[in-house]
2 protein chains.
Amino acid sequence: MLAQLLAALRGIQLPLRLRLWDGHELDLGPDPSVTLVLHDPSMVAQFAHPSLSALGGAYVEGKLGLEGPIREVIRLGDALSQALIGEGGGAAPKRRAHAKATDAAAISYHYDLSNDFYALWLDREMVYSCAYFETGAEDLDQAQQAKLRHLCRKLRLQPGERLLDVGCGWGGLARFAAREFGVQVHGITLSKEQLALGRQRVKDEGLEGRVELELRDYRDLPRDGRYDKVVSVGMFEHVGHINLPTYCQRLFDAVRPGGLVMNHGITSKYTDGRPVGRGAGEFIDRYVFPHGELPHLARMVADLSGAGLEVVDVESLRLHYARTLEFWSERLENRLAEAAQLVEAQSLRIWRLYLAGCAYAFAHGWINLHQILAVKPLADGSHQLPWTRADLYR
Amino acid sequence: MLAQLLAALRGIQLPLRLRLWDGHELDLGPDPSVTLVLHDPSMVAQFAHPSLSALGGAYVEGKLGLEGPIREVIRLGDALSQALIGEGGGAAPKRRAHAKATDAAAISYHYDLSNDFYALWLDREMVYSCAYFETGAEDLDQAQQAKLRHLCRKLRLQPGERLLDVGCGWGGLARFAAREFGVQVHGITLSKEQLALGRQRVKDEGLEGRVELELRDYRDLPRDGRYDKVVSVGMFEHVGHINLPTYCQRLFDAVRPGGLVMNHGITSKYTDGRPVGRGAGEFIDRYVFPHGELPHLARMVADLSGAGLEVVDVESLRLHYARTLEFWSERLENRLAEAAQLVEAQSLRIWRLYLAGCAYAFAHGWINLHQILAVKPLADGSHQLPWTRADLYR
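Residues numbered from 1 in each chain as written. Chains lettered and ligands numbered in written order. Predicted model: local features only at pLDDT ≥ 70, side-chain atom pairs only at ≥ 80, totals over all residues. Heavy atoms only, no water.

**Q** Explain the relation of the copies chain A and chain B here, please?
**A** For the pair of chain copies, the relating operation is a rotation around an axis with a shift along it. With an RMSD of 0.0 Å, chain A superimposes on chain B once it is rotated by 180° and translated 0.0 Å along the axis. Each copy turns onto its partner about a two-fold axis. Comparing interface residues between copies, 100% of those in chain A also sit at the interface in chain B, which points to an isologous, same-surface contact. (Least-squares fit on C-alpha atoms with pLDDT ≥ 70 in both. Contact = heavy atoms within 4.5 Å.)

As structure tokens, then:
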């Protein structure tokens, strides 16, 4: 079996080196940039169907070592699985029930990992979503500030307005909107770690009374249209297909007639639930975002519309997210020793693969990022948005 | 029955006057602004269920006279049907087979009516689709020029590029793009009248060799990716739900990798085929756009995506279309005597109601207008669009 594997791998001619459990090394192609370390003979069988999920899982569990620059690891991992299993591979994404308790547990798994760990590689405001590069030459801090401004501008925030931030993370957007646009912000999250640090930062910046953050499920929001605007960033990916109509209805109920609702999040490539990325989705589901479910843009548009919201502006920021993740991944790679002090070795392995892998996935169009702006029409069906979007670019 | 009708109508207290077949007049509310003329006793029964389709049909067929400002006619017609039949009403929109021959006949019915008639009330370039008001203070000519420029900018047209215009009408966009952006344009239409006048204008402007217009079905387009960009304005409404996947596939096949595809058209309010507008849709289907079928934005996004195109930018211009139609309607109302020399009395009645009615429908959100920009990704999944949309507003 090993002989067969070696023959197959050599046929592909990728710049890979193989190191076996006994220390034996073989080059599979010229000038290897990545070394695969098979710590265990059982790995030989796994390579017969090397989906990204299987390779990633073996790495997380310590059976497979991956040595070399993380971007090369991802690139060659994909080339390898493409050569050996082709375009297919991977199970269809799972659809789950998404009760409040399991949602809370799933959110906690990811976001309560360690504030200090996230602070190592996120920007100074700890904005954990796609940044916005106005020229492509910005650093991460600049691009995240630009993203926050872009969102606030799209929402046409006016001083004194009430903004709801659904899935507020560490409160970066909430504080920015209060500080720069003079709005009152109510942010909700299901992560206790995020809430604690978010509240601390609100206090440190003297924004108490203008930014209120709390632990709350989106299903427990007030439904009296008390907010002028609603923003939701990196949130609908956690809601689950089964609950998307309810989620959209709650956003509709929360905002006043004439108010605006922004959904910014990751969307899937296919409408029909086909797997994409040769098993990468399974890896994400198992190790990174349990119970995450990416809707297609069409599904978000349909459900927003079904709730009575009118979609007025959609923008893809796919390549912005590829660049954001490259920044995050590079920053983490530069601080691996510190990271190892903050999280378990297995978590670190997961996050290394996930950040570099998602950069690759966005760059290659396996997944997308859409900002979807919708308005809740006034009683007569009209709205008061400006005629054009020119105000976003002044 | 007449007594019952009168009691019901009087209860609504709308500013309507009723004139019966015998000349008898009754005011149904204070200060009537519109007179309903029942030319025939059979109309009494129709008023028991006065859908906009039934009222409009009776008017077209000469059984019902409508006297007064056309916008008031529409407003009161809607108020009347709302009061008497409520929010429901109207059959679900029809879905048809859309063979080439029936599509050609349907297009001919509407667009071959009379070039001179359309010229009476359209702008000087005869752009028969939603204009673009940058400030709201523009006249129709300015707003249509701005729309053509907005489309060309969204397509990032560069001199020497090849542009396909699917459903090119009288060639206004094709000539503008060639003249102002230096591209080579291939426009196709199914209307012989549009083609004849479009070609004449190309010749008059000395654009032969840069703009080629021809009679062709979208299903007969070249599929070799020869175009750099594709634009389709007011076209997908005629394709039919059953053929939307094919239509999107043909756009995908026509454009090169990295190329852009713009779909600008009218979208429905509901995803589930519910009727909207108290029978207005039936009126449009019967008298105005036979075999027209408005897809929801979500449906267009899904089908474009299914064909391999990536949706990068969506903009609603709903209130722009309300204003455009108000311009058209007002211009027609101001030239009714000339119009009556150009088309049959019945056609004129249809067009009067349709233009004013659609202005009302867009203003009230019964239908929408979306510009949907998509890219055909390069082989590696990337594309070369600018980082932001700021270039559209410089």
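**Q** What is the right way to read the pairing of strand E6 (residues 184–189) of chain B from this model?
**A** In the case of a regular strand, side chains alternate between the two sheet surfaces. Residue and element names in this part refer to chain B. Extensive coverage of E6 is indicated by the burial of five of its six residues. Sheet analysis places strand E5 (residues 162–166) next to E6, joined by five bridges and oriented parallel. Bridged to arginine 162 within E6 is glutamine 184. On the question of chirality, the crossover connecting E5 to the parallel E6 by way of helix H8 (residues 172–181) is right-handed. Two elements, E6 and strand E7 (residues 211–215), share five bridges in a ladder whose sense is parallel. (Buried < 20%, exposed > 50% of the residue type's maximum accessible area, 1.4 Å probe, protein only. Helix = DSSP H or I, 4+ residues; strand = E, 2+ residues; numbered from the N terminus. Pairing = 2+ DSSP bridges. Right-handed = clockwise from strand over helix to strand, strands pointing away.)

**Q** So what exactly am I meant to see when it comes to the interface of chain A and chain B here?
**A** A common way to report how large an interface is uses the accessible area buried once the components associate. Taken together, the 40 residues of chain A in the interface contact 40 residues of chain B. Approximately 3,100 Å² of surface area, both sides summed, lies buried where chain A meets chain B, with 54% of it carried by carbon and sulfur atoms. When the buried area of chain A at its contact with chain B is split by residue, Trp387, Arg389 and Tyr393 of chain A rank highest and sum to 25% of it. In this assembly, chain A and chain B are joined by six salt bridges. On inspection of chain A and its partner chain B, the count reaches 22 residue pairs in polar contact (both at pLDDT 80 or more). Broken down by secondary-structure element, the contributors of at least two residues to the side of chain A that touches chain B are helix H12 (297–306), strand E10 (310–316), helix H13 (318–333) and strand E11 (367–375) of chain A. (Buried area = accessible area lost by both parts, 1.4 Å probe. Salt bridge = Lys/Arg side-chain N within 4 Å of Asp/Glu carboxyl O. Polar contact = N/O pair within 3.5 Å; in protein donor to acceptor, adjacent residues only side chain to side chain.)

**Q** Looking at this structure, I do not really get the packing of aromatic side chains. What am I missing?
**A** For any pair of aromatic rings, geometry is given as the distance between the ring centres together with the angle between the planes. Residues and elements named next belong to chain B. In total, this model carries 47 aromatic pairs over all chains according to the counting rule given. For the ring pair tyrosine 218 and tyrosine 247, a centre distance of 5.4 Å and an interplane angle of 85° mean the geometry is edge-to-face. Highlighted residues: tyrosine 218 in the loop between E7 and strand E8 (227–233) and tyrosine 247 in helix H10 (residues 244–254), separated in sequence by 29 residues. Of the two residues, tyrosine 218 and tyrosine 247, both sit in the buried class. (Phe/Tyr/Trp six-rings, centres within 6.5 Å; stacked < 30°, edge-to-face > 60°.)

**Q** Would you take a moment to explain the domain arrangement of chain A for this structure?
**A** Residues and elements named next belong to chain A. Along its sequence, chain A is organised into domain 1 (2–85) and domain 2 (100–393). Between the C-alpha centres of domain 1 and domain 2 there is a distance of 35 Å. Facing 19 residues of domain 1, the contacting portion of domain 2 comprises 20 residues. Between domain 1 and domain 2, a total of about 1,700 Å² is buried, with carbon and sulfur atoms accounting for 63% of that surface. (Domains from an automatic or database assignment.)

**Q** Teacher, can you tell me more about the sheet that holds strand E3 (residues 34–38) of chain A here?
**A** Strand-to-strand pairing in sheets goes through backbone hydrogen bonds, with the strands running parallel or antiparallel. Residue and element names in this part refer to chain A. Taken in spatial order, the four strands make up an open sheet running E2-E1-E3-E4, and their pairing is mixed. Edge positions in the open sheet fall to strand E2 (25–27) and strand E4 (64–67), since each of these has one partner strand only. Put simply, the sheet's adjacent strands are angled 20° from each other on average, direction ignored. (Axes fitted to C-alpha atoms, helices over the stretch in contact; angles between N-to-C directions.)

**Q** How should the UniProt feature "domain: Polyketide synthase-like methyltransferase" (unreviewed entry) in chain A be read in this particular structure?
**A** Here, the residues flagged by UniProt with the feature "domain: Polyketide synthase-like methyltransferase" (unreviewed entry) are residues 121–377 of chain A. The distance separating the terminal C-alpha atoms of residues 121–377 of chain A is 41 Å; by composition the span is 43% helix and 21% strand. (UniProt positions renumbered as here; feature names shortened; annotations may be inferred.)

**Q** Help me out: how do you make sense of helix H5 (residues 100–111) of chain B in this one?
**A** Residue pairs three or four apart in sequence face the same way in an α-helix, which turns once every 3.6 residues. Residue and element names in this part refer to chain B. The end-to-end C-alpha distance of H5 is 16 Å, a good match for the 16 Å that twelve residues give at a rise of 1.5 Å each. Three or more residues of H5 are buried, namely Asp103, Ala106, Ile107, His110 and Tyr111. What you see down the axis of H5 is that its buried residues fit within an arc of 110°, all on one side. Elements that come into contact with the buried residues of H5 comprise helix H6 (115–121), helix H9 (192–204), helix H11 (280–288) and helix H15 (345–363). (Expected span 1.5 Å × (residues − 1). Arc of directions from axis to C-beta.)

**Q** Can you walk me through the nonpolar core in this structure?
**A** Buried together is how nonpolar side chains tend to be arranged in soluble globular proteins. Counting 145 residues, the largest nonpolar core has Trp121 and Tyr128 of chain A together with Trp121 and Tyr128 of chain B as its most contacted members. When neighbours within four sequence positions are excluded, tryptophan 121 of chain A is seen to be in contact with Tyr128, Leu140, Trp328, Arg331, Leu332, Trp351 and Leu355 of chain A. Counting 60 residues, the second-largest nonpolar core is a separate cluster that includes Val166 and Tyr227 of chain A together with Tyr227 and Val230 of chain B. (Core = buried A, V, L, I, M, F, W, Y, C linked by side-chain atoms within 4.5 Å.)

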